[in-house]
Amino acid sequence: MIRTLIQNSPMPLSHASPSCRVFRFGPFELSEREGELRKNGAQIRLQDQPLRVLVELLANAGKMVTREDLQQKLWRADTFVDFDVGLNTAIRKLRQALGDDADRPHYIETLAKRGYRFIGTVEIPTVTPSATAGIALASEPSPSHPGRRVRPWMLVVASLVIAAAVILLFVSREARSALKTPPRLVPLTTYTGREYEPALAPDGNRVAFAWSGPVPIGRTASIYIKQVGEEHALRLTSVPGAIDFGPDWSPDGAYIVFGRFPAPTAAPDTVEAGIYMVPAMGGAERRVHSTNWTLGPIVDSRVAWASNGKTIAFSDRPVGQSHYAVFALDVATLGARQITFPPEASNGDLHVAFSPDARTLAFLRDTKDGMDVYVIPAAGGSERRLTFDTRDLAGQRSVWLVGLTYTSDGHDIILGGNGLWRIHASGKTKRAEPVPGLGFTAFNPYIRNSRLVYGAPTWDANIYLLPLRNEIAAGEPAKLIASTFLDEYAQLSPDGRHVVFSSDRTGAAEIWKANSDGSNPLQLTFLSGYPGTPRWSANGREIVFSAALQGNADLFIISADGGPPRQITTDSSNEGAPNYSRDGRWIYFASDRGGSWNVWKMPVEGGPATQVTRNGGFFASESPDGEYLYYAKAPDAPGLWRVPLSGGSEEKVLEFPPSGFWGYWAVSAGGIYYLDEPAPRARIRFRNFRTRRDSVVKVMSNAAWIGSPEMSLSPDGSALLFVQLDQFTSDLMLVEDFH
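Scoring rules and cut-offs
- Residues numbered from 1 in each chain as written.
- Predicted model: local features only at pLDDT ≥ 70, side-chain atom pairs only at ≥ 80, totals over all residues.
- Heavy atoms only, no water.
- Helix = DSSP H or I, 4+ residues; strand = E, 2+ residues; numbered from the N terminus.
- Buried < 20%, exposed > 50% of the residue type's maximum accessible area, 1.4 Å probe, protein only.
- Contact = heavy atoms within 4.5 Å.
- Areas by Shrake-Rupley, 256 points an atom, 1.4 Å probe, with all protein chains shown as cover.
- Phe/Tyr/Trp six-rings, centres within 6.5 Å; stacked < 30°, edge-to-face > 60°.
- Lys NZ or Arg CZ within 6 Å of the ring centre and 35° of its normal.
- 1 Å grid on protein atoms, 1.4 Å probe; cavity = no way out; pocket = protein on both sides within 12 Å on 5 of 7 lines; lining within 4 Å.
- Points joined across faces, edges and corners; volume = space filled by probe spheres on them.
- Nonpolar A, V, L, I, M, F, W, Y, C, P; charged D, E, K, R; others polar.
- Axes fitted to C-alpha atoms, helices over the stretch in contact; angles between N-to-C directions.
- Parallel < 35°, antiparallel > 145°, perpendicular 65-115°, else oblique.
- Left-handed = near helix turned anticlockwise from the far one by under 90°.
- Salt bridge = Lys/Arg side-chain N within 4 Å of Asp/Glu carboxyl O.
- Pairing = 2+ DSSP bridges.
- Arc of directions from axis to C-beta.
- Expected span 1.5 Å × (residues − 1).

A. View of the overall build of the chain. Helices and strands together make up the secondary structure of the chain, namely five helices and 56 strands. Counting across all 739 residues of the chain, residues that qualify as buried make up 52%. The contacts in the chain between residues at least 6 apart in sequence include a share of 47% that link residues at least 24 apart. As presented, the chain carries roughly 33,100 Å² of accessible surface, and 52% of it is formed by carbon and sulfur atoms.

B. View of the packing of aromatic side chains. Applying the stated rule across the entire model yields 27 aromatic pairs. An aromatic cluster is built from Trp597, Phe618, Phe619, Trp662 and Trp665, whose rings are joined through pairwise contacts. Positioned above the aromatic ring of Trp586 is the side chain of Lys601, whose terminal nitrogen or guanidinium carbon lies 4.3 Å from the ring centre.

C. Spotlight on empty space enclosed by the protein. Going through the model one piece at a time under the given rule, you end up with two cavities of 30 Å³ or more. Of the volumes computed, that of the largest cavity is approximately 40 Å³. Looking at the largest cavity, the residues that line it are Arg194, Tyr196, Glu197, Asp300, Phe443, Asn444, Gly455, Pro457 and Ser730. Contributing elements (two or more residues each) for the lining of the largest cavity: strand E11 (195-200), strand E31 (443-448) and strand E32 (451-467). For the lining of the largest cavity, the class distribution of residues is three nonpolar, three polar and three charged. Volume-wise, the second largest cavity comes out at about 40 Å³. As for the second largest cavity, its lining consists of Arg302, His351, Val352, Gly403, Leu404, Asn444 and Pro445.

D. The arrangement of the packing of helix H1 (residues 48-59) against helix H2 (residues 67-74) in detail. At their nearest, the axes of H1 and H2 sit 11 Å apart, and the two run at 125° to each other. Comparing the axis directions of H1 and H2 gives the class oblique. For H1 against H2, the interelement crossing comes out right-handed. Residues Gln49, Arg52, Val53 and Glu56 of H1 touch H2, and the partners they reach there are Leu70, Lys73 and Leu74. For the contact of H1 with H2, the per-class residue count stands at three nonpolar, one polar and three charged.

E. Quick peek at the pattern of salt bridges. Tallied over the full model, the rule gives 28 salt bridges. Note that Arg365 and Glu383 form a salt bridge whose closest N and O atoms lie 2.7 Å from each other. Taken together, the residues Arg365 in strand E24 (residues 360-367) and Glu383 in the loop between strand E25 (370-377) and strand E26 (384-385) connect sequence positions 18 residues apart. Taking the shortest distance from any N to any O, the salt bridge between Arg385 and Asp372 comes out at 3.0 Å. Placement of Arg385 in strand E26 and of Asp372 in strand E25 is noted, with a sequence separation of 13 residues between them. The class for Asp372 is buried, based on a relative accessible area of 2%. Taken together, the shared-partner salt bridges connect Asp676, Glu677, Arg683 and Arg685 into one network.

F. Molecular detail of the environment of Pro457. By secondary structure assignment, the location of Pro457 is in strand E32. C-alpha separation for the pair Pro457 and Asp731, spaced 274 residues apart in sequence, amounts to 6.5 Å. If we skip the residues at most four places from it in the chain, Pro457 touches Thr441, Phe443, Phe728, Thr729 and Ser730.

G. Inspection of the sheet that holds strand E6 (residues 65-66) at higher detail. If you walk across this open sheet you meet the three strands as E6-E8-E7, and the pairing is antiparallel. Either end of the sheet is taken by a strand with one partner, and the two such strands are E6 and strand E7 (108-111). One ladder, built from two bridges, connects E6 with strand E8 (residues 115-118); its direction is antiparallel. Bridge pairing links Val65 to Tyr116 in E8. In this fold H1 packs onto E6, E7 and E8, with an angle of close to 65° to the strand it touches most, E8.

H. Seen up close, unusual backbone geometry. Pro657 follows Phe656 through a cis peptide bond whose omega is 5°. Along the chain, the position of Pro657 falls in the loop between strand E49 (651-654) and strand E50 (665-667). In this model, Glu197 sits at a positive phi of 50°, which is unusual for a non-glycine residue. Tracing the sequence through the fold places Glu197 in strand E11. At Ala358, a position not held by glycine, the phi torsion is positive, near 70°. Mapped onto the secondary structure, Ala358 falls in the loop between strand E23 (348-354) and E24.

I. Main features of the sheet that holds strand E44 (residues 598-603). In spatial order, the strands read E42-E43-E44-E45; together these four strands make up an open sheet with antiparallel pairing. With one partner strand each, in any of the chains shown, strand E42 (575-580) and strand E45 (610-611) form the two edges of the open sheet. As defined by bridge partners, E44 adjoins E45 across two bridges and the pair is classed as antiparallel. Bridge assignment links Trp600 to a residue of E45, and that residue is Gln611.

J. Molecular detail of H2. Within the span of H2, buried status applies to Arg67, Leu70 and Leu74. For H2, the angular spread of the buried residues around the axis is 65°, confining them to a single face. Turned more than 90 degrees from where H2 packs its buried face, Gln72 and Lys73 sit exposed.

K. Here's a closer look at the environment of Val696. If you trace the backbone, Val696 turns up in strand E53 (residues 694-699). Residues Val696 and Asp676, 20 residues apart in the sequence, show an inter-C-alpha distance of 9.4 Å. Setting aside anything within four residues of it in sequence, one finds Val696 in contact with Ile472, Ile684 and Arg685.

L. Representation of H1 within the structure. Over its 12 residues, H1 runs 16 Å from end to end, which matches the ideal 16 Å to within 8%, given 1.5 Å per residue. Buried within H1 we find Pro50, Leu51, Val53, Leu54, Val55, Glu56, Leu57, Leu58 and Ala59.

Function cannot be read off these values alone, since they describe shape.
Here it is, written out as structure tokens:
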């Protein structure tokens, strides 16, 4: 065995066979033959393209590898993908896997606008050639087997057979390749605002979709249809205050079925939630079924019409339940029946899709273990689980799913989310594999024949600081933390010198810290497990947050200076939305142990948790005087409650914040700041404890970002931090020749 050490050396690695190379650096080992990256012997799941980029960097350790070199070597010319986005995504995934920092790299150094360089020490064990390598077959017989003489004519015949087999294999491969045109990705819509949930007509030449209209961020949407290849879209629905979503076509292409939900800004009793039908060429609509929906879970779901025309499938909440199940609506009688029965302690079943023959329904089930793919006979019966913890799809953590569709032959199911994924519809394989080169975000895919459409959303949420002159008078808000990605969960430290927040600016959500003016941002976590809701300890030395590393969410504590976080909850339930007590002795948090969300608390140093609320509870915060614990009930429940810390009954304090915006409130000494209207221009109000009067403090310039603790008060009460959604767009993408 010969060992070659490379430390910042430009020497090429041509001496090692590309298929046999093993690279070792730090605690990592990468086997090119196995296509595996390991850390201290444990495998780190990584997609193929980031692995190939890493191999190229390791093979040229210490030497700049230009972006052009990577494009020529690793991106085929016939691959229709944005190279810059693809390479940037691959580098982000590598840094996440290696725990590397772009600003303070240990392994991958960015050479601005030119390329990358691997700066770590690389060790490459290479195999010494065997003494028998390269020896041809003997033409003389072995003395011990005189009858096994290899005659010349045998060699000739063998050579001809091998040559014919090689030619046949080559020709057959070329013939198969010639029959398959490479997929072509093109924009289908580029309108201002959000276009989403596309559905192709039976002939594949028209598309129905939901569109928010020309307002960049709005809380209403209507159903439109357009011809593929044409710009103009025909508006089919136009009800003020309505969010119309999830359209699908009747088998004859004559009608569109869709869902409707009242927008948060809709006047009371002006919009009826339910399933509607409208002629595809325009005309009067009618409601065919009333529903029990809530906005957050359902708005990205689809109403699906079976190819036999007899049944419409959709997700809804069973009466008296908070989770969702799949229902089937009989088109002839308009009677609906429940056909899936998910666990009560779950978000339930969403995102339904019929198989092409209308015999099977596929759906996504969202439980504390993650979101997985299930199938069930369309008439009802026994369900079958196809995936097991899709947070680990094809070896990738931090995968989230939005929508699914069958391929035209019914052989596979295509999943949408942060990328497109393919899994065998029969369950022969338990792992979904990525569909390369077709977009980083791909929501609600839909297939007709060889065409695939999906929505490609983008979000830009930023953190603002609102100076307060007094409780009801404020100055102009200024951006404190901003990027072109999601920046949220902000809170100032007890001494007011730093701010903690979450951002996905590196490609995955992580916990960050910055100076109180937003300068010098520092990444604290490298977990790729959706860490969020960070909150400072009373002494400002630690930060508690939640993360889903093993399927369910748990609580972690990390030093304010960084370092490895320590896990403080290990139950199989989900724990989230943590917050310290004002004396620093307790951590309040939300938990779904017992089947429903309630507020619990546990000692900071660890130990058994105690249930605080009994009738529901989520994000909680103590009042400054230590008299009450204030809390929101649940992620999708409006209103604010409180309970005396000394014991007693709960009381409802506010009807706000609205449903889905459970984190937009902050308690001061004299009252409560809260959000009363999330969009299109959110309003921050103040409820005075003494006078019980409400005042508008500030109208945001844009919409609020749904969910999460998105409002916090500075320790001295002089400023309010809030998160604003400055941009939310989504375009439709079309994939031609999808197979």
